[in-house]
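Results of the structural survey
As a plain string of letters, each chain reads:
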Amino acid sequence: QVQLVESGGGLVQPGGSLRLSCAASGFRFSWFAMSWYRQAPGKERELVAHISDAGLQTNYADSVKGRFTISRDNAKNTVYLQMNSLKPEDTAVYYCRYANFWGQGTQVTVSS
């Protein structure tokens, strides 16, 4: 059965950094693209970053370009989201996605 488990969220000050991880199982991870989404209070879930199966192609929402980096380690069946220069507007629950499968989400709160 497909499972996606996010971790690494927490409370961080504006300008700080956080690294999210998504551990995947139940499918041939290296064959598929992966994505990170987020959902802020009162807003719809939005795509944050996307990475191709081999990690050679990445795409980012305009709001996070230059600050966030998506990467993957296919040997570990894990996708990462490195978040730098965090802003209060980045506060949201962050989700890992594969096809129509979603993780449980991890809370990121950016606040002083």
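Within every chain, residues take consecutive numbers counted from 1 along the sequence as written. Given that this is a predicted model, residues contribute local features only at a pLDDT of at least 70 and side-chain atom pairs are listed and counted only at 80 or more, while totals for whole chains, interfaces and linings are drawn from all residues. Note that the side-chain values use all heavy atoms of the structure and ignore hydrogens as well as water.

**A short note on the environment of E44**
Where we set the bar: Where helices and strands are cited, they refer to DSSP runs of H or I of at least four residues and of E of at least two residues respectively, numbered from the N terminus. Residues are treated as being in contact if the distance between any of their heavy atoms lies within 4.5 Å.
With respect to the secondary-structure elements, E44 resides in the loop between β4 (34-39) and β5 (46-51). Remark: the alpha-carbon pair of E44 and G8, spanning 36 residues in sequence, is separated by 22 Å. Those residues within four positions of E44 in sequence are excluded, and the remaining contacts are R38 and Q39.

**Section: the sheet that holds strand β8 (residues 78-83)**
Quick note on the threshold: Strand pairing is assigned whenever DSSP detects at least two bridges linking the two strands. Throughout, an axis means a line fitted to C-alpha atoms (over the contacting stretch in the case of helices), and angles, computed between N-to-C directions, take values from 0 to 180 degrees.
Taken together, the four strands give an open sheet; going across it, the order is β1-β3-β8-β7, and neighbouring strands pair in antiparallel fashion. Two strands bound the open sheet, and with one partner strand each, they are β1 (3-7) and β7 (68-73). On average, each strand axis in the sheet is inclined to that of its neighbour by 15°, with strand direction left out of account. Across six bridges, strand β3 (residues 18-25) lies against β8 in antiparallel orientation. Across the sheet, R19 pairs through a bridge with Q82, a residue of β8.

**Re the pattern of salt bridges**
Counted only if it meets this: Definition used for salt bridges: Asp or Glu carboxyl oxygen within 4 Å of a side-chain nitrogen of Lys or Arg. A simple rule labels every residue: compare its accessible area, found with a 1.4 Å probe on the protein chains alone, to the largest value its type can have, and call it buried under 20%, exposed over 50%, or partly exposed in between.
Tallied over the full model, the rule gives five salt bridges. With a shortest N-O distance of 2.9 Å, R38 and D90 are connected by a salt bridge. Here R38, found in strand β4, pairs with D90, found in the loop between β8 and β9 (92-98); they are 52 residues apart in sequence, far enough to count as distant. D90 shares its class with R38; the two are buried. When the shortest N-O distance is used, the salt bridge between D62 and K65 registers 3.1 Å. Taken together, the shared-partner salt bridges in this structure form one network comprising R38, E46, R67 and D90.

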